[in-house]
Structure formats: structure tokens, C-alpha cells
Amino acid sequence: MIDKINELLAEIDNLKATKADEIEALRIKYLSKKGEISNLMNDFRNVAAEQKREVGMRLNELKEKAQDCINSLKESLENNQSTDQGIDLTRTAAPIELGTRHPLSLVKKEICDIFKRLGFSIAEGPEIEDDWHVFSSLNFADDHPARDMQDTFFIARSPEVVLRTHTSSVQTRVMEKQQPPIRIICPGRVYRNEAISYRAHCFFHQVEALYIDKNVSFADLKQALMFFAKEMFGTDTKIRLRPSYFPFTEPSAEMDISCNICGGKGCPFCKHTGWVEILGCGMVDPNVLDNCGIDSKVYTGYALGMGVERITNLKYRVKDLRMFSENDKRFLEQFKNAY
Ligand code: DAH
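Residues numbered from 1 in each chain as written. Predicted model: local features only at pLDDT ≥ 70, side-chain atom pairs only at ≥ 80, totals over all residues. Heavy atoms only, no water.

Student: Tell me about the pairing of strand S8 (residues 249-258), residues and numbers included.
Tutor: With eight of ten residues buried, S8 lies mostly within the body of the structure. The sheet contact formed by strand S7 (residues 239-246) and S8 spans seven bridges and is antiparallel. Paired with Arg240 across the bridge in S8 is Asp256. Of the pairings in the sheet, the one linking S8 to strand S9 (residues 275-284) comprises eight bridges and is antiparallel in character. For Ala253, the partnering residue across the bridge sits in S9 and is Cys281. (Buried < 20%, exposed > 50% of the residue type's maximum accessible area, 1.4 Å probe, protein only. Helix = DSSP H or I, 4+ residues; strand = E, 2+ residues; numbered from the N terminus. Pairing = 2+ DSSP bridges.)

Student: Describe the packing of aromatic side chains, naming the residues involved and giving the relevant values.
Tutor: Counted under the stated rule, the structure contains eleven aromatic pairs. Judged by centre distance (5.3 Å) and plane angle (85°), the rings of Phe115 and Phe120 are edge-to-face. Relative to Phe331, the ring of Phe324 lies with its centre 6.1 Å away and its plane at 65°, an arrangement referred to as edge-to-face. One exposure class covers both Phe324 and Phe331, and it is buried. A cation sits over an aromatic face here: Lys52 above Phe44, 5.6 Å from the ring centre. Lying over the aromatic face of Tyr211, Arg183 brings its terminal NZ or CZ to 4.6 Å of the ring centre. (Phe/Tyr/Trp six-rings, centres within 6.5 Å; stacked < 30°, edge-to-face > 60°. Lys NZ or Arg CZ within 6 Å of the ring centre and 35° of its normal.)

Student: So, unusual backbone geometry: which residues are in play, and what are the values?
Tutor: With omega at 5°, the peptide bond leading from Pro180 into Pro181 counts as cis. Structurally, the position occupied by Pro181 is in the loop between helix H7 (168-177) and strand S5 (182-191). One non-glycine residue, Arg317, lies in the positive phi region at around 55°. Considering the arrangement of structural elements, one finds Arg317 in the loop between helix H10 (308-316) and helix H11 (329-332). On the basis of relative accessible area, Arg317 is assigned to the partly exposed category, the value being 44%.

Student: If you had to explain H7 to someone new, which residues and values would you point to?
Tutor: Burial of H7 is extensive: seven of the ten residues sit out of reach of the surface. Summarising the contacts, the buried residues of H7 are in contact with strand S2 (128-130), helix H6 (131-134), S5, strand S6 (203-213), helix H9 (286-291) and strand S10 (300-307). (Contact = heavy atoms within 4.5 Å.)

Take a look at the structure:
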């Protein structure tokens, strides 16, 4: 009898069942009234008296073990059922609707990537700024019109706290902390107190570039501009520099590219001139370098700044600036395949 008990103990150790009816079959086989264990119990009375104690103990052990085993099989079946419920693993996965990158983000990234290839790295600064970083450090005269209420959103008057009107403020922040060589590109949002229309908004985006080192010249600036224009708008693009004025650069220029819509022949977009203006630039004014603790007798540099909306319009022909901030899905979805 001991042999039979040992045999069943070994069997029970290896019991496997994953479905309810399989478990029930095992219960019947071992634990029902006519099952293996009950049969042994019935035979117990025939066991010799001196063996009764040991056989009795082993028999109880077997019964308990069989009971435990069946219970734990039932338990794991229930657990599996509760997690599997309702999940059809053979079903095709529901497609996840991917969002799209915003056209301004696409173009901002493209601009930054081009300058990164020239060795520029990204720098960012706060949108809520003080007068020093937005105006004074950049050589704006006290009565410069850009400081006027018409243009600048003031948050506090004294000391003056403003929403930055251009990303040139990031130049100052970096120059104050770092000595040349400096080669940074600063993307960001800027604010101006303008009436909202199809061609103006109270917030828009700029990318600023700044390069300062020994012997940086206007020729370096021209080279970078040419590279940028050809990478952004195609190798046939021509550039043109017109003298201009900015407080923080001397000399200053504005750059036009040959109209990428008519190829320079003249069309309504370029007002039949064949050229469209895309950015401002120049050699950093020595006053700005000195204001920021950089020795203007040792170092020179160039800076340039452009509006992301303007470049996006040229690339994607968006006629109304307000489209960029209206979150109209029909507009945004058109950029699904852009990268
Ligand atoms: N900050 C100018 C603006 O908002 C753009 C600009 C012009 C930036 C010339 C520059 C620059 O760095 O050199 O209109």
C-alpha cells in the first residue's frame, strides 16, 4: 500500500490542467467517492496493525496534497480568466492615430538642423524678460520706438518686465555667461502688441543665430547665409543683401532670396520684383559685445534673425498667419507626410 501511495504522490506532483473540465476530471480521479484516494481509504482496514500508523499518516498526506493541488489549479484558472477576459489576441490591432508635427515646428527644426550642420548649437532663454536683455544690452536707445507701448507687452513697469519682442535677448544671456568662441542658434516664441490680421499676430516665432570668435568677418556671414538659403530653398536659390539698420549690428543688412514661387521672374507673391525678404543680419555692434563682457578689440561676430512664420509661408504657401494658431485639424493634417 505504501508503494501505491508513493506512486500517487509522485503523480500529483506533476499534475497539469488549464481548463475547467480537465481539473474536474482530475478531482474525480483522485478525490471523489470512487476515486483513487477513497479506494485506498477503504483498503486501510486491511493494513496490518503495526503498519497502520505510518500508512495512515502517508494517506492523510496524500489526501491533503491532492486537495491543495486541485485548489491551486482552480485558482490559477480563475486568475487567467479574469485577465484574459474580453481580449481577442487574434484580432488585428486597432490603428493608433498619429498626430502631426505643427508646420512651424517642422520648419523651425529644419532651420536649426541646417545651422547645426555648420556647427551651431541650440540655446534657449525665457519669454518673460527684463529691459536689459531685450533692449538696453542690445544698444537700443532709450527713446527707440520698439520700446513703445505699441510694440511691447509690459508685465511690470519698474523694474521693467516685458514679453520678449525678439529672440536676440538670448544672445545677451549666452554672451554674459560664456566667452567666445560662441556659435549658437536660438529658436523661440516672441510677442508684439499688434492687431491680429492675416499678416500680423501678437505672437510669432523667430530663430536667431550668433557667431563670435576672433576674425569673424562679413564674408563668413555671407557664406553662412548662402549655405542656409540653398539648403532651405534649393540649390538654384540666389541671395541678395540690402543695407539696413538694427541697433545691435553694424553694418546691418536684410537678406532677400530669389522668389521660390516664380523662380525670380516676378509674380504677385514677390510683388513682381523676383525677390522676397527673409531675414535681418549684420556684424555684432562692438557696444553689444562690451555690454556683455566680451572684449570687442579681440573678438568680432555676426548675428542674424528670421521669422519662422515667414519661412513657413514661403515653403508651404500659407496665406493667413492665423491658421498657425487656430488648431484646425483640416489644416494641420495636411502636414502629415512632412517630416
Ligand atoms: N531682432 C530682429 C527683429 O526682431 C531680427 C534680427 C535682425 C536679428 C538682425 C539679428 C540681426 O540677429 O542681426 O526684427
